[in-house]
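The chain contents come next:
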Amino acid sequence: MATIHILSKSTFLRGVQCDKSLYLYKHYYELKDEISPEKQAIFSRGTNVGLLAQQLFPGGIDASPESPFKYAESVEKTRQLLEKGQKVIYEAAFVYDEVLVALDILVNQDGKWYAFEVKSSTRITDTYRLDAALQYWVITNCGIDLEDISIVNIDTKYIKNGEVEVKKLFTKTSVLKDVKKHQSFIEGKIPNLKKMISQPSVPNVKIGPQCFSPYECDFMGHCWKNISKDSIFELGGMNKIDQFKMYEKGIERINEVPANYPLRQNQRIQVDQFNKQEVLVDRSELKKFLNGLEYPLSFFDVETFMPAVPVYDGTRPYENLPFQYSLHVKEQKEAFSKHFEFLAEAGIDPRKSFIENFLKQVEKEGDILVYNQAFETSILKNLARLFPEYKQEMAQVLSRIKDLMLPFKNRWYYHPEMKGSFSIKGVLPALVPELSYEELGIGSGSIAMSSFEQLQSETDIFKIAEIRQHLLDYCKMDTFAMVKILEVLERSVE
Ligand code: SF4
């Protein structure tokens, strides 16, 4: 079995997305963007799920190389295992026509071969089908006559009760029919990609919607470096296809958008306010909103995590589980705010202590301000369902929730620096530039999520203390930001 490879599954998919991305990856790897902590967390999740799925076919032997990237070793190990008649192989590696693939699980049942590719997601995408099609092409051309090829992914209907039951957690779906349909595409694409890689210069590919689909490209730092600040790619609520339609007409900056260009109302506001460099305030609507707020005001924010593999009994894969909140309370408009917080211990179901602490600390009257009501409300409603003993108290709390996002979403207040966004991360730097998430150890909800997941298995007490402090700082910033944002809104109508 030849072991030299030019393409692998990931580089093939990269080339299908964009020739230039593959070329840069092969010849100018140093131009690749650094991997963000958010993406790193997704990759680690995939690895953990893959290991768990191996239990679907116990007794297998892992053919992974001892050190990463030594794929020839892995291909050779797979060959030897096949020769010895091994029935279950994990990470079975094959090379055909200089294309390397490593299949998650290869199984021989009753003399027939079955391939399984594991994904930590809950649905099967076209990219997964193409990925399976490449595996099928390589493996069958290596002489393994696959009876079937399936994608193993997570079944959201599963509810944990005791030990995780892998057979119920995962669902297997044959993709053989689609995979066969893709074979001629693969057959034609591989020589094209190889030819393209061997050319002396970088293919001339302009930026386009392919930079984002199916995955955000990791050469954007290079290809997009000439896209100026205040480009039309900052137009909020506009999809990439429409942004590129505009770009192809030669409109690159927001101030170049013609007055008669068809835009949605919020986009038109964004363009107009950018050109005027003025803040837009709908005093009448904003006043109505602000006058409707009842003190004491509680500013409330929840952090949740969504483990792919359920951690607590009674929960499903990817269920949103609240583990932390921050609460700033202002008795009156001019008063200083008091702060309360809660962060669950890792390893214990956080939901009961969350609801009990929350009901103790939240004010019994006045409004509760959140940022994006739909999210906090759904979390609290789930808790009320789960703990019916608190149903009435929770109903009272839920009836007092108001959304601080509304003035921004409805454009009762718009600052050019919001750049079309109405998320708190877009609004805060525009309204309160002196406050920033950048200095914090955790700067986004998704990192907070993966950090809490990390705490579930972390044993180093110093690391645990550090992560917990970062989580507390992050969540506190969310509600403090709301306090400060409200002050700006109040000043704007005085
Ligand atoms: S950023 Fe866009 S144009 Fe550049 S390599 Fe990636 S996908 Fe291709």
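Structural notes, computed from the coordinates. (Residues numbered from 1 in each chain as written. Predicted model: local features only at pLDDT ≥ 70, side-chain atom pairs only at ≥ 80, totals over all residues. Heavy atoms only, no water.)

Every residue close to the ligand is listed here: C18, K20, S21, Q210, C211, C217, F219, M220 and C223. Among the cavities detected, the one that contains the ligand is the largest cavity. Among the secondary structure elements, those contributing two or more residues to the shell around the ligand are helix 2 (19-27) and helix 8 (220-223). For the shell around the ligand, the per-class residue count stands at 6 nonpolar, 2 polar and 1 charged. (Near = heavy atom within 4 Å. 1 Å grid on protein atoms, 1.4 Å probe; cavity = no way out; pocket = protein on both sides within 12 Å on 5 of 7 lines; lining within 4 Å. Sits in = over half its atoms within 2 Å of the grid points. Helix = DSSP H or I, 4+ residues; strand = E, 2+ residues; numbered from the N terminus. Nonpolar A, V, L, I, M, F, W, Y, C, P; charged D, E, K, R; others polar.)

Next up on the list: empty space enclosed by the protein. Per the stated rule, a full pass over the model turns up 2 cavities of 30 Å³ or more. What lines the largest cavity is a set of 13 residues, among which C18, Q210, C211, C217 and C223 lie closest to the centre. When contributions to the lining of the largest cavity are tallied by element, the ones reaching two or more residues are helix 2 and helix 8. In terms of residue class, the lining of the largest cavity is built from 9 nonpolar, 2 polar and 2 charged. (Points joined across faces, edges and corners; volume = space filled by probe spheres on them.)

Take the sheet that holds strand 9 (residues 297-305) next. Pairing in this open sheet of 5 strands is mixed, and the strands run 11-10-9-12-13 from one edge to the other. Two strands close off the open sheet at either side, each with one partner strand: strand 11 (337-343) and strand 13 (401-403). Taking each pair of neighbouring strands and ignoring which way they run, the sheet shows an average axis angle of 25°. Taken together, the 3 bridges between strand 12 (residues 368-370) and strand 13 define a ladder with parallel strand orientation. When the sheet's bridge partners are listed, V370 is paired in strand 13 with D403. Contacting strand 9, strand 10 (321-330), strand 12 and strand 13, helix 13 (residues 373-386) runs over the sheet at an angle of about 75° to strand 9. Sheet strands touched by helix 18 (residues 461-493): strand 9, strand 10, strand 11 and strand 12. Its angle to strand 10, the strand with the most contacts, is close to 40°. (Pairing = 2+ DSSP bridges. Axes fitted to C-alpha atoms, helices over the stretch in contact; angles between N-to-C directions. Contact = heavy atoms within 4.5 Å.)

What follows deals with the side chain of Q270. Relative to the helices and strands, Q270 resides in helix 10 (residues 265-276). Note on Q270: relative accessible area 2%, which makes it buried. Of note is the side chain of Q270, whose polar atom sits 2.9 Å from the backbone nitrogen of G236. The contact partners of Q270, leaving out residues within four places of it in the chain, are E234, L235, G236, I254, Y414, K419 and G420. (Buried < 20%, exposed > 50% of the residue type's maximum accessible area, 1.4 Å probe, protein only. Polar contact = N/O pair within 3.5 Å; in protein donor to acceptor, adjacent residues only side chain to side chain.)

Between helix 12 (residues 351-361) and helix 14 (residues 391-398), whose axes approach to 11 Å, the crossing angle comes to 60°. Put simply, helix 12 runs oblique to helix 14. For the pair helix 12 and helix 14, the crossing hand works out as left-handed. Contacts between helix 12 and helix 14 involve I355, F358 and L359 from the former and E393, M394 and V397 from the latter. The residue makeup of the contact of helix 12 with helix 14, split by class, is 5 nonpolar, no polar and 1 charged. (Parallel < 35°, antiparallel > 145°, perpendicular 65-115°, else oblique. Left-handed = near helix turned anticlockwise from the far one by under 90°.)

Once that is clear, we can look at the pattern of salt bridges. Overall, the coordinates contain 33 salt bridges when judged by the stated rule. The salt bridge involving R129 is made with D178; its shortest N-O contact spans 3.1 Å. Of this pair, R129 sits in helix 5 (residues 126-141) while D178 sits in helix 7 (residues 176-197), and the two are 49 residues apart along the sequence. In this structure, the salt-bridge partner of K330 is E487, at a minimum N-O distance of 3.3 Å. Of the two residues, K330 sits in strand 10 while E487 sits in helix 18, which places them 157 residues apart along the sequence. Given the relative accessible area of 4%, K330 is considered buried. A single network of salt bridges, built from pairs that share partners, joins K229, D230, E234, E417 and K419. (Salt bridge = Lys/Arg side-chain N within 4 Å of Asp/Glu carboxyl O.)

One can find N382 in helix 13. Of the residues examined, N382 reaches a relative accessible area of 35% and is grouped as partly exposed. It is 9.6 Å that separates the C-alpha atoms of N382 and N320, two residues lying 62 residues apart in sequence. Polar side-chain contacts of N382 include one of 2.5 Å to the side chain of R385.

Moving on, we get to the nonpolar core. Of all hydrophobic cores here, the largest spans 72 residues; its most connected members are F300, L380 and L431. Top element by residues in this core is helix 18. It accounts for 13 residues. L380 has contacts with F300, F354, F358, M394, V397, L398 and I401, leaving out every residue within four places of it along the chain. One finds A63, I89, A132 and I186 within the second-largest nonpolar core, a separate group that totals 39 residues. (Core = buried A, V, L, I, M, F, W, Y, C linked by side-chain atoms within 4.5 Å.)

Our next topic: the packing of aromatic side chains. This structure, assessed with the given rule, holds 23 aromatic pairs. Ring centres of Y371 and F408 lie 6.4 Å apart, and the angle between their planes is 25°; on these two criteria the pair is classed as stacked. Of the two residues, Y371 is situated in the loop between strand 12 and helix 13 and F408 in helix 15 (residues 406-409); the sequence distance between them amounts to 37 residues. Taken as a pair, Y371 and F408 share a single burial class, namely buried. Taking NZ or CZ as reference, K240 lies 4.5 Å from the ring centre of F212, over its face. Between K425 and the ring centre of Y437, over which it is positioned, the NZ or CZ distance is 4.3 Å. (Phe/Tyr/Trp six-rings, centres within 6.5 Å; stacked < 30°, edge-to-face > 60°. Lys NZ or Arg CZ within 6 Å of the ring centre and 35° of its normal.)

In a regular helix each residue adds 1.5 Å, so 16 residues correspond to 22 Å; helix 5 covers 22 Å between its end C-alpha atoms and thus fits that length. In terms of burial, helix 5 is largely enclosed, as 12 of its 16 residues are buried. For helix 5, every residue scored as buried is listed here: T127, Y128, L130, D131, A132, A133, L134, Q135, Y136, W137, V138 and I139. Downstream of helix 5 by one or two residues, G143 has phi in the positive range, about 100°. (Expected span 1.5 Å × (residues − 1).)

Taking burial as the measure, the 9 residues of strand 6 (residues 146-154) include 8 buried ones, the bulk of the element. The pairing of strand 5 (residues 112-118) with strand 6 spans 6 bridges and is parallel. Note on strand 6: the bridge partner recorded for Y114 is D148. As a crossover connection, the stretch from strand 5 through helix 5 into strand 6 is right-handed. Where strand 6 lies against strand 7 (residues 170-174), 5 bridges are found, and the strand directions are antiparallel. By the bridge assignment, I154 is partnered in strand 7 with F170. (Right-handed = clockwise from strand over helix to strand, strands pointing away.)

So, to be careful, I would describe these as geometric facts and stop short of saying anything about function.
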